[in-house]
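Listed below, chain by chain, are the residues.
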Amino acid sequence: MENTVLESLKTRRSVRSFSDRPVEQEKLDAILEAATYAPTGMGRQSPVIVLVKTPETVKKISRLNAKVIGQDVDPFYGAPVVAIVFGNRGAAPTWLEDACLVAGNLLNAAHAVGVDSCYIYRAKEVFASEEGLALLKEWGLDENYVGVANCILGYGVGEAPAAKPRKSDYIKTV
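Residues numbered from 1 in each chain as written. Predicted model: local features only at pLDDT ≥ 70, side-chain atom pairs only at ≥ 80, totals over all residues. Heavy atoms only, no water.

## Comments concerning the overall build of the protein
For the protein, the helix and strand inventory stands at six helices and four strands. Rg of the C-alpha trace for the protein: 16 Å, near the compact-globule value of 16 Å for 174 residues, within the 12% margin. Judged by the C-alpha coordinates and their principal axes, the protein covers about 50 × 40 × 35 Å. In the protein, which comprises 174 residues, the proportion classed as buried is 38%. Sequence-distant contacts in the protein: of pairs separated by 6 or more residues, those separated by 24 or more amount to 82%. Per element, the accessible surface of the protein, about 10400 Å² overall, is 53% carbon and sulfur. Counting 20 positive and 21 negative side-chain charges, the protein places the centres of these two groups 6 Å from one another. (Helix = DSSP H or I, 4+ residues; strand = E, 2+ residues; numbered from the N terminus. Rg over C-alpha atoms; globule rule 2.2 N^0.38 Å. Buried < 20%, exposed > 50% of the residue type's maximum accessible area, 1.4 Å probe, protein only. Contact = heavy atoms within 4.5 Å. Areas by Shrake-Rupley, 256 points an atom, 1.4 Å probe, with all protein chains shown as cover. Lys, Arg positive; Asp, Glu negative; His and termini not counted. Charge placed at Lys NZ, Arg CZ, Asp CG, Glu CD.)

## Concerning the side chain of Thr 40
Positionally, Thr 40 belongs in the loop between helix H2 (25–35) and strand S1 (48–52). Residue classification places Thr 40 among the buried residues on the basis of a relative accessible area of 17%. Excluding anything up to four places from it in sequence, Thr 40 contacts Gln 45, Pro 47 and Asp 98.

## Considering the environment of Asp 29
Summarising the element assignment, Asp 29 is placed in helix H2. Residue Asp 29 is classed as partly exposed on the basis of its relative accessible area of 42%.

## Points about the pattern of salt bridges
The full count for this structure, using the stated rule, is three salt bridges. For Arg 21, the salt bridge identified is with Glu 24, shortest N-O distance 3.4 Å. Classification of Glu 24 by relative accessible area gives partly exposed; the value is 32%. Here Lys 67 and Glu 131 are joined by a salt bridge, their closest N and O atoms 4.0 Å apart. Pair noted here: Lys 67 is in helix H3 (residues 55–69) and Glu 131 is in helix H6 (residues 130–138), with a separation of 64 residues, a long-range link. A relative accessible area of 61% means that Lys 67 is categorised as exposed. (Salt bridge = Lys/Arg side-chain N within 4 Å of Asp/Glu carboxyl O.)

## Focus on the pairing of strand S2 (residues 81–88)
Looking along a regular strand, one sees the side chains alternate between the two faces of the sheet. By the criterion of burial, S2 is predominantly enclosed, with eight of the eight residues buried. Sheet analysis places S1 next to S2, joined by five bridges and oriented antiparallel. Looking across to S2, one finds that Val 52 is bridged to Val 82. As judged from the eight bridges shared by S2 and strand S4 (residues 145–154), these two strands associate in the antiparallel manner. (Pairing = 2+ DSSP bridges.)

## Quick notes on the packing of aromatic side chains
For the structure shown, the criterion picks out four aromatic pairs. Both rings, one in Phe 86 and one in Trp 139, keep their centres 6.4 Å apart while their planes meet at 65 degrees; by these two values the pair is edge-to-face. Here Trp 139 lies in the loop between H6 and S4 and Phe 86 lies in strand S2, a separation of 53 residues in the sequence. Ring centres of Phe 127 and Trp 139 lie 5.8 Å apart, and the angle between their planes is 45 degrees; this geometry places the pair in the tilted category. In this pair, Phe 127 is assigned in the loop between helix H5 (123–126) and H6 and Trp 139 in the loop between H6 and S4, connecting sequence segments twelve residues apart. Residue classification places Phe 127 among the buried residues on the basis of a relative accessible area of 3%. Exposure remark for Trp 139: the relative accessible area of 24% places this residue in the partly exposed category. The residue whose ring lies beneath Lys 167 is Tyr 170, and the NZ or CZ to ring-centre distance is 5.1 Å. (Phe/Tyr/Trp six-rings, centres within 6.5 Å; stacked < 30°, edge-to-face > 60°. Lys NZ or Arg CZ within 6 Å of the ring centre and 35° of its normal.)

## Comments concerning the environment of Glu 130
The topology assignment puts Glu 130 in helix H6. Its relative accessible area of 73% is what places Glu 130 among the exposed residues. Spatially, the C-alpha atoms of Glu 130 and Thr 94 are 26 Å apart, while their sequence positions differ by 36 residues.

No statement about biological role is implied by the geometric values presented.
Here you go:
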């Protein structure tokens, strides 16, 4: 079956090398809007997305992320933008799943508009740290918000990797 949405879902890849080319605001707006249409438990729309575009703040969060893994690297691979998805553990019993669905929509929407992306872990640890909690406070979020995903966005350098073959037992029909 041919369908542009299905094709986009099958061709999205994680990109781990970014140029410094800025992402157009129109594209960021479209990506973020699509992310807000992810399903959420009981329709509560409990997640929050913080879009970070200032280079200093992107670097600060990248540095905090690297600190979690104990390495002096850029876990954001030079991406100029990071959209951080937070789940609100006080808002719904499905807060974690809701935030994950938002992150998935965000990554797929980015690909659909020609923006490269990668899901970077360790948001939970970063925003549980003293510096991370200070950022939450600065952004008007309280301690109920848990970092779930760092979705880095930008324009990749080189070709995206090819898809690995899908495992044979991925789907079970009963």
